[in-house]
Amino acid sequence: MLKDITNFTIRFNEVDSLGIVWHGHYVTYFEIGRESFGKKYGITYMDVKKNGVIIPVVHCQCDYKQSLKYGDTVNIETRFVNTSAAKIIFEYIISHPDRGLIATGKTIQVFTDLQGELQLNNPIFFENWKKNYNLENS
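Read on for a plain summary of the structure. Just so it is clear, the model here is predicted, and its values are computed rather than measured.

Scoring rules and cut-offs
- Residues numbered from 1 in each chain as written.
- Predicted model: local features only at pLDDT ≥ 70, side-chain atom pairs only at ≥ 80, totals over all residues.
- Heavy atoms only, no water.
- Salt bridge = Lys/Arg side-chain N within 4 Å of Asp/Glu carboxyl O.
- Helix = DSSP H or I, 4+ residues; strand = E, 2+ residues; numbered from the N terminus.
- Buried < 20%, exposed > 50% of the residue type's maximum accessible area, 1.4 Å probe, protein only.
- Pairing = 2+ DSSP bridges.
- Axes fitted to C-alpha atoms, helices over the stretch in contact; angles between N-to-C directions.
- Contact = heavy atoms within 4.5 Å.

### Digging into the pattern of salt bridges
Here the structure, examined in full by the defined rule, presents six salt bridges. For Lys-50, the salt bridge goes to Asp-47, with nearest N and O atoms at 3.6 Å. Taken together, the residues Lys-50 and Asp-47, both in helix H2 (residues 45-50) and three residues apart, mark about one turn of the helix. Assessed through its relative accessible area of 67%, Lys-50 is described here as exposed. By relative accessible area, Asp-47 is classed as partly exposed at 22%. Asp-72 is the salt-bridge partner of Arg-99, the closest N and O atoms lying 2.6 Å from each other. With a gap of 27 residues between them, Arg-99 in the loop between strand S5 (87-96) and strand S6 (100-110) and Asp-72 in the loop between strand S3 (57-64) and strand S4 (73-81) connect regions that are remote in the sequence.

Here's what the structure looks like:
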């Protein structure tokens, strides 16, 4: 399984008047995880776009376990879920070093051409990327 772990600190603009992170920011945290994963494994958004496709998110799920507060430093583990379908699936685990599990989540992205037309098959560059990581048999 391909995965990446990165950390970040909760900023003041991400919390409400009680000092608790607004629930919508977790989607941004998943994005932080995807960007870190992409840099580590050579599949950034710009790498994808250079190959004539974009990968919009079509599904996002977040299960909240504990609240985050201003100043917390947390880890986000981003896991690539291999599938033969023409999509990219990531699962996320957000954790705090002292308090443990904070949230889990999942996103699904599909391939479209630059005009937004859905691509029903995996692009060649993505098949080659999967081969490079021995993922082509799923």
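### Overview of the pairing of S4
Regular strands have side chains that alternate between both faces of the sheet. Where strand S1 (residues 3-9) and S4 come together, seven bridges link them in antiparallel fashion. Of the residues in S4, the one forming a bridge with Thr-9 is Thr-73. Here S4 runs beside S5; their pairing, made up of seven bridges, is antiparallel. By the bridge assignment, Arg-79 is partnered in S5 with Glu-91. What sits between S4 and S5 in their antiparallel hairpin is a turn of five residues.

### Description of the sheet that holds S1
Spatially, the five strands line up as an open sheet ordered S1-S4-S5-S6-S3, and their pairing is antiparallel. Two strands bound the open sheet, and with one partner strand each, they are S1 and S3. When strand polarity is set aside, the average angle formed by the axes of neighbouring strands in this sheet is 20°. Against the sheet, helix H1 (residues 25-41) makes contact with S1, S3, S4, S5 and S6, and its axis sits at roughly 130° relative to S1, the strand it touches most.

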